[in-house]
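Spelled out, the chains give:
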Amino acid sequence: MFEIVIGLEVHAQLNTKTKIFCSCSTRFGDAPNTNVCTVCLGLPGALPVLNKEVVKKSIQFGTAINATVNKTSIFNRKNYFYPDLPKGYQISQFEVPIVENGEIYLDFEDGSQKRIGVTRAHLEEDAGKNIHHGSVSHVDLNRAGTPLLEIVSDPDLRSSDEAVMYLKKLHAILRYLDISDANMQEGSFRCDANVSIRPKGDEKLYTRVEIKNLNSFKFIQKAIEHEVSRQIAAWEDGVYESEVVQETRLFDTQTGKTRSMRGKEDSAEYRYFPDPDLLPLVIPDSMMEEGRIIPELPDEKKTRLVKEHGIKEYDAAVITSQSELAYYFEAMVNEGANAKMSVTWLTVELLGRLGNGVTLDTCKVDSTILATLVKRIEDSTISGKAAKEVLDVLVQEGGDVDAVIERLGLKQVSDDGAILAIIDEILNANQDKVAEYKSGKEKLFGFFVGQTMKASKGTANPAKVNALLKSKLDG
Ligand SMILES: [Zn+2]
């Protein structure tokens, strides 16, 4: 009876080498306060200069989500006090952002799609970081001035599942464009969720609550689910007006609940005004053209993979959901591995063996190794079953596929003579069963196959075993 209304704001850190308004490094993990200068420390008289890489990456993003890229946009001062913000204001974009009116499509398992509007994406600088040690707090300003693209969706999402699908799609787009590493652990892809409910059929938007700084897909889902049930319970208990107020809440990952952090400010309270130190940003035509050139995106790649390799739509969606996966798959196919087998050996067998912090990028099995393994199955050097054993070893130790096959003695025997020798042995040892088979007990055929495979320690080519046994027994 309730409809859930969710809008998401994502802060994506753009992966430029230097900060948005100065030439300090954006490197993560350096000693505190080593990547700072007069500009990002907010010293009096220091003047900001816009980094043009930031503009180029924003144009690419706008192009990717089919948005309007404004030729002219304006930088504002957003005034508030916080210890990690030495200037007393953050430079951001307010009335006129660089990107407006975009769209992102969600893909459902049944092949249908849903359009989610992207209201705007604006440029801003990040603040520093407060670090608390017991009763003392320190401020690290290395992050102050790091470029952020704040991407705001329309309130088009109707469930926590849709919210996560949207975020994964957005994450993939940023990674394909290579404009952000979107690393959630390091905070370069952070999400705030605006959540409200309304009776089904009601068009009006009710009070929205903002949940801040969610940095994993799992927590985002849990936080939204908890917040929705809190609001519904308040409505049903008749205390909606007093319990659900416009505010910012934090999600406690320990308790799985949200709690109030502060009342949500209205934008008027920030006293936005155009930054007098920065001229309006006017994008030159040449830069606009350059920014329009973007790499292949997940949706296009998906369509192409289905068409070129005949793999299933759903498999293609899984493969293209992450750029690393897509590039790995394409590399395997380029090495000559069968496309359908590559899907299974990559998404089921290899990914199923990773974990514990080991990712596709850091594991010991690269695309050449996995492609070689698939080719050895295709040319009957080994059976699929044996290949799983080989992969177990490769994941642990890496190394050469053929050497591992050799070492484990898993090379498939396809030589007729060798297989016939084993078959003769089995039939000799089981003459009673041969007689039964010949008198009509045909299901014993499976027994002979099993015995032959066992005697060959699983290395006999099963198709050959079947054919040779047939001709021996029936011939
Ligand atoms: Zn600086």
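Residues numbered from 1 in each chain as written. Predicted model: local features only at pLDDT ≥ 70, side-chain atom pairs only at ≥ 80, totals over all residues. Heavy atoms only, no water.

Caption draft 1: Representation of the overall build of the protein in the model. Scanning the protein from terminus to terminus reveals 16 helices and 16 strands. Over its C-alpha atoms the protein spans a radius of gyration of 30 Å, topping by over 25% the 23 Å that the globule rule assigns to 475 residues. Split into buried and exposed, the 475 residues of the protein put 46% on the buried side. Put simply, 67% of the contacts in the protein that link residues at least 6 apart link residues at least 24 apart. (Helix = DSSP H or I, 4+ residues; strand = E, 2+ residues; numbered from the N terminus. Rg over C-alpha atoms; globule rule 2.2 N^0.38 Å. Buried < 20%, exposed > 50% of the residue type's maximum accessible area, 1.4 Å probe, protein only. Contact = heavy atoms within 4.5 Å.)

Caption draft 2: Representation of the packing of helix α6 (residues 298-309) against helix α8 (residues 323-334) in the model. Where α6 meets α8, the closest approach of the two axes is 12 Å, and the angle between their N-to-C directions is 20°. On the basis of their axis angle, the class for α6 and α8 is roughly parallel. Along this stretch, α6 crosses α8, giving a crossing that reads as left-handed. Between α6 and α8, the residues in contact are Lys301, Arg304, Leu305 and His309 and Ala326, Tyr327, Phe329, Glu330 and Val333, respectively. (Axes fitted to C-alpha atoms, helices over the stretch in contact; angles between N-to-C directions. Parallel < 35°, antiparallel > 145°, perpendicular 65-115°, else oblique. Left-handed = near helix turned anticlockwise from the far one by under 90°.)

Caption draft 3: Structural context of unusual backbone geometry. Residues other than glycine seldom take positive phi values, yet Asp178 does so here, at roughly 55°. Here Asp178 shows up in the loop between α2 (160-177) and β11 (189-199). The phi dihedral of Asn356 is positive, around 55°, even though this residue is not glycine. With respect to the helices, strands and loops of the structure, Asn356 is situated in the loop between α9 (339-353) and α10 (367-378).

Caption draft 4: Highlighting helix α3 (residues 217-236). With 20 residues, α3 ought to run about 28 Å at 1.5 Å a step, and its terminal C-alpha atoms sit 29 Å apart, in line with that. By the burial criterion, the buried members of α3 are Phe217, Ile220, Ala223, Ile224, His226, Glu227, Val228, Arg230, Gln231 and Ala234. Immediately downstream of α3, the backbone of Gly238 shows phi near 75°, a positive value. (Expected span 1.5 Å × (residues − 1).)

Caption draft 5: Expanded view of the pattern of salt bridges. Per the counting criterion, the structure on display carries 34 salt bridges. Linking Arg27 and Asp30 is a salt bridge whose minimum nitrogen-to-oxygen distance equals 3.0 Å. Among the residues examined, Asp30 registers a relative accessible area of 25% and is labelled partly exposed. We note a salt bridge from Lys71 to Asp285, for which the minimum N-O separation is 3.1 Å. One end of the pair, Lys71, is in the loop between β2 (68-69) and β3 (72-73); the other, Asp285, is in helix α5 (residues 285-291), with 214 residues separating them in the sequence. Look at the salt bridges and you will find they share partners, linking Glu296, Lys301, Arg304, Glu308 and Glu330 into a network. (Salt bridge = Lys/Arg side-chain N within 4 Å of Asp/Glu carboxyl O.)

Caption draft 6: Broad picture of the coordination of the zinc ion. All of the protein donors around the zinc ion are Cys22 (SG), Cys24 (SG), Cys37 (SG) and Cys40 (SG); their distances to the metal are 2.3 to 2.4 Å. One can describe the donor arrangement at the zinc ion as tetrahedral, given that its four donor atoms subtend angles of 99 to 115° at the metal. The sequence pattern describing where the donors of the zinc ion fall on their chain is C-x1-C-x12-C-x2-C. Placement of Cys24 in the loop between β1 (2-13) and α1 (52-64) and of Cys40 in the loop between β1 and α1 is noted, with a sequence separation of 16 residues between them. Judged by relative accessible area, which is 9%, Cys24 ranks as buried. (Donors = N, O, S within 2.8 Å, 3.2 Å for Na, K, Ca; no water. Tetrahedral: all angles 85-135°; square planar, octahedral: opposite > 155°, others 65-115°.)

Caption draft 7: Region of interest: empty space enclosed by the protein. Taken as a whole and judged by the stated rule, the model has two cavities of 30 Å³ or more. Of the volumes computed, that of the largest cavity is approximately 70 Å³. Residues belonging to the lining of the largest cavity are distributed by class as follows: six nonpolar, one polar and four charged. (1 Å grid on protein atoms, 1.4 Å probe; cavity = no way out; pocket = protein on both sides within 12 Å on 5 of 7 lines; lining within 4 Å. Points joined across faces, edges and corners; volume = space filled by probe spheres on them. Nonpolar A, V, L, I, M, F, W, Y, C, P; charged D, E, K, R; others polar.)

Caption draft 8: Molecular detail of the side chain of Lys78. Positionally, Lys78 belongs in strand β4 (residues 75-79). Not counting residues up to four positions away in its chain, the partners in contact with Lys78 are Tyr89, Gln90, Tyr270 and Tyr272.

Caption draft 9: Structural context of helix α16 (residues 462-474). Helix length check: α16 (13 residues) gives 18 Å between terminal C-alpha atoms against 18 Å at 1.5 Å per residue, within 8%. Where α16 is buried, its residues meet α13 (416-429), α14 (431-438) and α15 (445-455). The backbone nitrogen of Ala463 lies 3.0 Å from a side-chain oxygen of the residue at the head of α16, namely Asn461. (Polar contact = N/O pair within 3.5 Å; in protein donor to acceptor, adjacent residues only side chain to side chain.)

Caption draft 10: Region of interest: the sheet that holds strand β15 (residues 273-274). With antiparallel pairing, the three strands of this open sheet are ordered in space as β5-β4-β15. At either margin of the open sheet sits one strand with a lone partner, and together these are β5 (89-93) and β15. Judged from the two bridges that link them, β4 and β15 form a sheet pairing that is antiparallel. Bridge pairing links Arg77 to Phe273 in β15. (Pairing = 2+ DSSP bridges.)

Caption draft 11: Spotlight on the layout of surface pockets. Computed from the structure, the second largest pocket encloses a volume of approximately 750 Å³. As for the second largest pocket, its lining consists of 21 residues, and the residues nearest its centre are His171, Phe217, Gln322, Glu324 and Thr359. Split by residue class, the lining of the second largest pocket holds seven nonpolar, nine polar and five charged.

Caption draft 12: Molecular detail of the nonpolar core. Grouped together as the largest cluster of nonpolar side chains are 108 residues, with contacts concentrated most on Phe61, Ile151, Tyr166, Leu346, Leu350, Val365 and Leu370. In terms of residues, this core owes the most to one element, α2, which gives 10 residues. Ignoring sequence-local partners within four residues, the contact set of Val365 consists of Tyr328, Leu350, Leu370, Leu391, Leu394 and Val395. (Core = buried A, V, L, I, M, F, W, Y, C linked by side-chain atoms within 4.5 Å.)

Caption draft 13: A look at the sheet that holds strand β13 (residues 247-252). Ordered by their spatial adjacency, nine strands build an open sheet running β2-β6-β7-β10-β1-β11-β12-β13-β14, and the pairing between neighbours is mixed. With one partner strand each, in any of the chains shown, β2 and β14 (257-263) form the two edges of the open sheet. Where β11 meets strand β12 (residues 209-214), four bridges bridge the pair, whose relative direction is antiparallel. Across the sheet, the residue bridging to Val195 is Val209, located in β12. Across the sheet, α2 lies against β1, β6 (99-107), β7 (113-125), β10 (147-153) and β11, angled at about 115° from β6, the strand it touches most.

Caption draft 14: Looking closely at the packing of aromatic side chains. The tally for this structure, following the rule as stated, stands at 13 aromatic pairs. Where Phe219 meets Phe251, the ring centres are 6.1 Å apart and the plane angle is 50°; that geometry is what we call tilted. Within this pair, whereas Phe219 is found in helix α3, its partner Phe251 is found in strand β13, the two being separated by 32 residues in sequence. For Phe219, a relative accessible area of 24% corresponds to the partly exposed category. Taking relative accessible area as the criterion, Phe251 reaches 12% and is therefore assigned buried. Put simply, the rings of Phe2, Tyr206, Trp235 and Tyr240 pair up and form one aromatic cluster. A cation over an aromatic ring shows up here: Lys168 above the ring of Phe217, its NZ or CZ 5.4 Å from the ring centre. The ring of Phe445 carries Lys470 above its face, with NZ or CZ at 4.2 Å from the centroid. (Phe/Tyr/Trp six-rings, centres within 6.5 Å; stacked < 30°, edge-to-face > 60°. Lys NZ or Arg CZ within 6 Å of the ring centre and 35° of its normal.)

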